[in-house]
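# Descriptive analysis of the structure
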Amino acid sequence: MRRHAVRSGNTSQQYLSWIAKVQVNQPAVLRRAGQIQARRTVKKEWEVAWLLKAVTFIDLTTLSGDDTFSNVQRLCYKAKYPIREDLLKALDMHDKGITTAAVCVYPARVCDAVKALKAAGCNIPVASVATGFPAGQTHLQPRLEEIRLAVEDGATEIDVVINRTLVLTGQWKALYDEIRQFRKACGEAHLKTILATGELGSLTNIYKASMIAMMAGSDFIKTSTGKEAVNATFPVAIVMLRAIRDFFWKTGNKIGFKPAGGIRSAKDALVWLSLIKEELGDEWLKPELFRIGASTLLLDIEKQIFHHGTGRHATYHELPMS
């Protein structure tokens, strides 16, 4: 478990002073994003290999108002068996232990997920959103208590949302202090900090918020809740990935990245993997440092693998929903 927060005092003040002067070159970011989107992805056997790799990065998610034990149970079963066994056997991958990286649920459903995964005989991590998800517009103390309760119930990863007001009004020290309290409340659980980038106003704000989150002890920075009007986009990702790279150069600490919201197709997943490989390198292409937050992406990946293995498109009943 990494413990890398920049402590308060001269060092944190130096970082905050430096961050205040940062400006993102938006035209350059947009050009880079265009290059990524225009690039052709891998094909045939290479495509299948990369899609199976993508499966292992997915935080399989259900965040619906009508979540119940039964649909959380189905989600957990799908997390353990993300691809039909006969398809994996045809690829000689049935004994590789391919699962999703985690399951992600509301705090009230953490116990359900822990129970379902235990019954399934697997140790896939349970992640929980917290801190007044998705808006983060509740008082600080209940937000902290929500983290503690989720951890007590068995969540080993906590996806927190920041107070966007602190970013929009330039209160960087207050944002740092808030995330530090989140870090403390998480204890040994991993802290994934959701920036809600679609609501931060500018790419410069996104870079600054990314840096603050990492300084304060986040293990991951995450684009979105999936509930905003604009979620994971490539310009936003480039800015966040460059912040991760800059933070690594300055501190030697590797921070994870999680895009979420709107990533639904297998083709999209391949582009995201390509972006990580090019911006941060193969070291980041592992679940400890890269996740994809998704609920429907897995179904499309399984459809593509089915088509590769059988030469035909799957009918509705052949690939049950997660």
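If you look the protein chain up in an unreviewed UniProt entry, it shows as deoxyribose-phosphate aldolase from Echinops telfairi. Listed under Sequence similarities (unreviewed entry) in UniProt, the entry text for the protein chain is "Belongs to the DeoC/FbaB aldolase family. DeoC type 2 subfamily." Taken verbatim from the UniProt record of the protein chain, the Pathway (unreviewed entry) comment is "Carbohydrate degradation; 2-deoxy-D-ribose 1-phosphate degradation; D-glyceraldehyde 3-phosphate and acetaldehyde from 2-deoxy-alpha-D-ribose 1-phosphate: step 2/2."

On to the overall build of the protein chain, then. Broken down by element type, the protein chain carries 13 helices and eight strands. Taking 322 residues into account, the globule formula puts the C-alpha radius of gyration at 20 Å, and the protein chain, at 19 Å, falls close to it. Dimensions of the protein chain, computed from the C-alpha atoms along their principal axes, are close to 60 × 45 × 35 Å. For the protein chain, long-range pairs separated by at least 24 residues make up 78% of all intrachain contacts whose partners lie at least 6 apart in sequence. Accessible area for the protein chain stands at about 14400 Å²; split by element, carbon and sulfur atoms hold 51% of it.

The next subject is helix α13 (residues 297–310). Over its 14 residues, α13 runs 20 Å from end to end, which matches the ideal 20 Å to within 8%, given 1.5 Å per residue. When we look at burial in α13, the residues that qualify are Leu-297, Leu-298, Leu-299, Ile-301, Glu-302, Ile-305 and Phe-306. Positive backbone phi, at 80°, marks Gly-311, one or two positions downstream of α13.

As a further point, take unusual backbone geometry. Following Phe-133, the chain continues to Pro-134 via a peptide bond in cis, the omega torsion being 0°. Along the chain, the position of Pro-134 falls in the loop between β3 (126–130) and α7 (140–152). Despite not being glycine, Thr-131 has its phi angle at roughly 60°, a positive value. Relative to the helices and strands, Thr-131 resides in the loop between β3 and α7. Judged by relative accessible area, which is 0%, Thr-131 ranks as buried. Positioned with a positive phi, Ala-196 is a non-glycine residue whose angle comes to about 55°. Topologically, Ala-196 is positioned in the loop between β5 (190–194) and α10 (203–215).

Another aspect to go through is the pattern of salt bridges. Scanning the entire structure with this criterion turns up 24 salt bridges. A salt bridge links Arg-32 to Glu-279; the shortest N-O distance between them is 2.8 Å. Taken together, the positions of Arg-32 in helix α2 (residues 26–38) and Glu-279 in helix α12 (residues 266–279) put the pair 247 residues apart, joining distant regions of the chain. Look at Arg-32 and you get buried, because its relative accessible area is 14%. The salt bridge involving Glu-279 is made with Arg-242; its shortest N-O contact spans 2.5 Å.

What counts and what doesn't
- Residues numbered from 1 in each chain as written.
- Predicted model: local features only at pLDDT ≥ 70, side-chain atom pairs only at ≥ 80, totals over all residues.
- Heavy atoms only, no water.
- UniProt positions renumbered as here; feature names shortened; annotations may be inferred.
- Helix = DSSP H or I, 4+ residues; strand = E, 2+ residues; numbered from the N terminus.
- Rg over C-alpha atoms; globule rule 2.2 N^0.38 Å.
- Contact = heavy atoms within 4.5 Å.
- Areas by Shrake-Rupley, 256 points an atom, 1.4 Å probe, with all protein chains shown as cover.
- Expected span 1.5 Å × (residues − 1).
- Buried < 20%, exposed > 50% of the residue type's maximum accessible area, 1.4 Å probe, protein only.
- Salt bridge = Lys/Arg side-chain N within 4 Å of Asp/Glu carboxyl O.

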